[in-house]
Structure formats: structure tokens, C-alpha cells
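# Structure assessment
Spelled out, the chains give:
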Amino acid sequence: MDAIVLLKDDHKMVEKLFKEFEQAGETAYKKKQEIVEKISQELCRHAYIEEAIFYPEARAEVPDTSDHVLESVEEHHVVAWLLSELKGMDPKDERFDAKVTVLIENVRHHVKEEEEDWFPQVREALGRNRLQELGERMEKAKAEAPSDPLALASARQ
């Protein structure tokens, strides 16, 4: 699978979970907590493969994307900490929904920038074969991804 297609598929999966959360209803505490756990799992895997494989390759092969990569890592940092705070939070806490909303807004912004601003540059520079090779590596690497958001490299930077 093409690396960018893989990342976009992840983006779609997470967006589906975001919409599920937004439509869950104000007092659907158990359901919201389950959705947030799924969001955390998906975002940890996604961030891991971006940070470990995709970003270093993009930065090395497409120097014009260096600033985008650095900004993306900082966005991952914020998301990792929000996820870590949500992990131990009671969904009945008055700040739970607000924190998830901020998480969703951050991730949507991040996805928009990646897909619109720099994925096209990376696609053009790397080409089909290289993106397929990266995609295969990324797919395999998902199994190595941490489940704890604070174990992501971006969380420690």
C-alpha cells in the first residue's frame, strides 16, 4: 500500500471515530469513553509510523517539507499529552468533553495541513514505487506502536 494512501485511510478512520463521539449524546459516558480509547489507539499507531518512518523520509527526500515535519511533530506532542490526560479521566468530568473537543480540533487541523499542504509535495518527490515501499514498512511498524501516548517520541520532545 502507498504510504500516503495508508495515512489518509488512518485519517478517515479517526474522523469516523470523532463523528461517533460528537453524535454520542451528552450522557453517553460509557460509549464516549470507549470511543476515546479507540481514538487513542488509532492515533498512537498513526503518530508512531509517521514519526518513525514517514517524517524522516519526507524530511530527507523533500527538504522543503522540513518545517511542516517539525510543526507536525509539535502537533503530535500536544495530541499525545491530551490523550494521556484523557486516559485517566472520568467521562463524567465536566472537562472531559471539552478536552476531547480540543483534541478533535487539533487533529483535524493537523490532517488538513498534511493532506492539502505537503502530502502532494511528498508524492511528487518520492514517486509511486518509493511510496509503496514506505507504505509496506509503515503497515508492519503499526504492530510495534506503543499504546501509551507518552511513549511516542514526540511526547518526550
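Residues numbered from 1 in each chain as written. Predicted model: local features only at pLDDT ≥ 70, side-chain atom pairs only at ≥ 80, totals over all residues. Heavy atoms only, no water.

Our focus in this paragraph is the overall build of the chain. Helix and strand counts for the chain stand at four helices and zero strands. For the C-alpha atoms alone, the extent of the chain along its principal axes is close to 50 × 30 × 25 Å. Looking at the 157 residues of the chain, the share that counts as buried comes to 46%. By element, 48% of the accessible surface of the chain is carried by carbon and sulfur atoms, the whole surface being about 8,400 Å². Each charge class in the chain can be summarised by its mean position, and for the 23 positive and 36 negative side chains these summaries are 5 Å apart. (Helix = DSSP H or I, 4+ residues; strand = E, 2+ residues; numbered from the N terminus. Buried < 20%, exposed > 50% of the residue type's maximum accessible area, 1.4 Å probe, protein only. Areas by Shrake-Rupley, 256 points an atom, 1.4 Å probe, with all protein chains shown as cover. Lys, Arg positive; Asp, Glu negative; His and termini not counted. Charge placed at Lys NZ, Arg CZ, Asp CG, Glu CD.)

It is worth spelling out the environment of Arg59 at this point. Structurally, Arg59 can be placed in helix 2 (residues 29-61). Accessibility expressed as a relative area gives 38% for Arg59, which makes it partly exposed. Sequence separation between Arg59 and Val69 is ten residues; the distance between their C-alpha atoms is 6.8 Å. Arg59 has contacts with Thr65, Ser66, Val69 and Leu70, leaving out every residue within four places of it along the chain. (Contact = heavy atoms within 4.5 Å.)

Moving on: the environment of Glu136. Inspection of the secondary structure puts Glu136 in helix 4 (residues 96-141). Along the primary structure Glu136 and Leu6 are separated by 130 residues, whereas in three dimensions their C-alpha atoms are 9.2 Å apart.

Another aspect to go through is the packing of helix 2 against helix 4. When two helices pack together, you describe them by how their axes are tilted relative to each other and by the distance separating the axes. Close contact between helix 2 and helix 4 brings their axes to 8 Å; oriented N to C, the two are set at 40°. By the criterion of interaxial angle, the relationship of helix 2 to helix 4 is oblique. As for the relative orientation of helix 2 and helix 4, their crossing is left-handed in sense. Its residues assigned to classes, the contact of helix 2 with helix 4 comprises 21 nonpolar, three polar and eight charged. (Axes fitted to C-alpha atoms, helices over the stretch in contact; angles between N-to-C directions. Parallel < 35°, antiparallel > 145°, perpendicular 65-115°, else oblique. Left-handed = near helix turned anticlockwise from the far one by under 90°. Nonpolar A, V, L, I, M, F, W, Y, C, P; charged D, E, K, R; others polar.)

What follows is about the environment of Glu71. Tracing the sequence through the fold places Glu71 in helix 3 (residues 66-87). What makes Glu71 partly exposed here is its relative accessible area of 36%. Residues Glu71 and Lys99 lie 28 residues apart in sequence; the distance between their C-alpha atoms is 21 Å. If we ignore the near neighbours within four places in the chain, the residues touching Glu71 are His109 and Glu113.

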